[in-house]
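Single-letter residue listing:
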Amino acid sequence: MLKKILKVINYFPWYGYVFAACTILFQITIYFITGQINGARAASIAAVDVKIPAIDNQIPFIPSSAIFYFASYPYWFFAALAVTRGGKKEITNLAIGYAICIIIGLFFFVFMPTYLDREAEGVYAVAKTPGPVHNLLSFIYDNDGGKKGVNLFPSFHCLVTMYWCLAALFQKKMNNGWRIFTVIMLVLICTSTLTTKQHYFLDVVGGVGIAIVIFTIVKLINPYQIVHNIKIKHQK
């Protein structure tokens with residue numbers, strides 16, 4: 001049994017675990033810091049309203065979907081780890097693209113703050129009722145602004161999940177089973193951001209859109225190859 005576990009662990013390069021851990025730490029740090037800033041200034045600044053009532057009011061509130069929302073965190077670790085078998089070249093490009101995505105999110109959080117009034121939406125009181133699912137939802141709410149959610153646009157949940165889904169789909173060495181799984185997780189996690197009332201529809205579009213645009217640009221530019229060519233030129 002131990003040999004099998006070690007075999008799975010050794011399947012990925014050691015730096016893959018470091019890479020996966022750093023991506024999550026970077027994202028959570030940026031989100032937490034901006035969340036604290038926006039939470040403190042919520043009453044003193046004009047927020048951008050991204051709610052589209054005709055769409056968002058039609059989306060059902062499903063507390064049990066908090067399970068998929070919360071499951072995103074361990075999933076992101078393994079999603080980032082999975083792509084590290086593509087080699088250092090691919091990891092470098094993915095790291096650059098990922099960092100750009102998070103920094104773009106930081107820009108929106110700071111300069112275009114968005115909020116969601118969970119009391120007005122009628123979901124905060126539900127989260128405080130007894131039950132394991134409600135407890136999980138309450139934990140999510142309380143660690144993300146409490147009665148007033150912050151950092152809506154773009155949805156980091158959708159942005160990050162979309163980014164790792166693209167990374168899996170376009171990596172030549174990736175297992176097809178994992179590719180399918182990433183698509184399923186993309187649908188479940190993005191849907192959960194709406195059905196837990198953590199985000200509005202435009203937040204999802206923004207997160208997915210940013211991930212697609214940045215991933216595509218970085219893939220076309222290939223920063224790793226540019227730096228590599230410069231080094232070779234200087235060595236001559």
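On a predicted model such as this, the values are computed, not experimentally measured, just so you know. (Residues numbered from 1 in each chain as written. Predicted model: local features only at pLDDT ≥ 70, side-chain atom pairs only at ≥ 80, totals over all residues. Heavy atoms only, no water.)

*Asks:* So what exactly am I meant to see when it comes to unusual backbone geometry here?
*Replies:* Negative phi is the rule for most residues except glycine; trans is the rule for most peptide bonds. Between F153 and the following residue, P154, the backbone shows a cis peptide bond with an omega angle of -5°. For P154, the position within the fold is in the loop between β2 (148-150) and α8 (156-170). Non-glycine residue N151 carries a positive phi angle of around 55°. Tracing the chain through its elements places N151 in the loop between β2 and α8. What makes N151 buried here is its relative accessible area of 1%. Phi is positive for N222, which is not a glycine, with a value near 60°. Within the element layout of this structure, N222 appears in the loop between α10 (201-221) and α11 (223-235). Looking at N222, the relative accessible area reads 17%, which means it is buried. (Helix = DSSP H or I, 4+ residues; strand = E, 2+ residues; numbered from the N terminus. Buried < 20%, exposed > 50% of the residue type's maximum accessible area, 1.4 Å probe, protein only.)

*Asks:* Even after reading the chapter, I still don't get the packing of helix α4 (residues 66-82) against helix α9 (residues 176-195), so can you show me in this structure?
*Replies:* Axes are the key here: two packed helices are described by the angle between their axes and the distance separating the axes. The geometry of α4 relative to α9 is characterised by a closest axis approach of 10 Å and an angle of 150° between their N-to-C directions. Here α4 lies roughly antiparallel to α9, going by the angle between them. Here the hand of the crossing between α4 and α9 comes out left-handed. Facing α4, whose interface residues are F68, Y69, S72, Y75, F78, A79 and A82, α9 presents W178, F181, T182, M185, L188, I189, S192 and T193. Each residue belonging to the contact of α4 with α9 can be placed in one class, and the counts come to 11 nonpolar, four polar and no charged. (Axes fitted to C-alpha atoms, helices over the stretch in contact; angles between N-to-C directions. Parallel < 35°, antiparallel > 145°, perpendicular 65-115°, else oblique. Left-handed = near helix turned anticlockwise from the far one by under 90°. Contact = heavy atoms within 4.5 Å. Nonpolar A, V, L, I, M, F, W, Y, C, P; charged D, E, K, R; others polar.)

*Asks:* Can you walk me through the packing of aromatic side chains in this structure?
*Replies:* Each pair of aromatic rings is reported with the distance of its centres and the angle of its planes. Under the counting rule described, the total for this entry stands at 22 aromatic pairs. On the numbers, 6.1 Å between centres and 65° between planes, the contact of F70 with Y73 is edge-to-face. Placement of both F70 and Y73 in helix α4 is noted, with a separation of three residues, approximately one turn of the helix. Look at F70 and you get partly exposed, because its relative accessible area is 36%. An angle of 20° between the planes, with centres 5.3 Å apart, marks the rings of Y98 and W164 as stacked. With Y98 in helix α5 (residues 88-111) and W164 in helix α8, the pair connects residues that are 66 residues apart, well separated along the chain. Classification of Y98 by relative accessible area gives buried; the value is 3%. By relative accessible area, W164 is classed as buried at 1%. Three or more aromatic residues link up through ring pairs in this structure, and these residues are F19, Y98, Y163, W164, F170 and F215. Here the basic side chain of K148 rests over the ring of Y115, its NZ or CZ set 5.2 Å away from the ring centre. (Phe/Tyr/Trp six-rings, centres within 6.5 Å; stacked < 30°, edge-to-face > 60°. Lys NZ or Arg CZ within 6 Å of the ring centre and 35° of its normal.)

*Asks:* Where do I start with α5 in this structure?
*Replies:* Within an α-helix, residues lying three or four positions from one another point in the same direction, as the helix has 3.6 residues per turn. With 24 residues, α5 ought to run about 34 Å at 1.5 Å a step, and its terminal C-alpha atoms sit 34 Å apart, in line with that. Burial in α5 covers these residues: I91, N93, L94, G97, Y98, C101, I102, G105 and F109. (Expected span 1.5 Å × (residues − 1).)

By themselves these figures say nothing about function.
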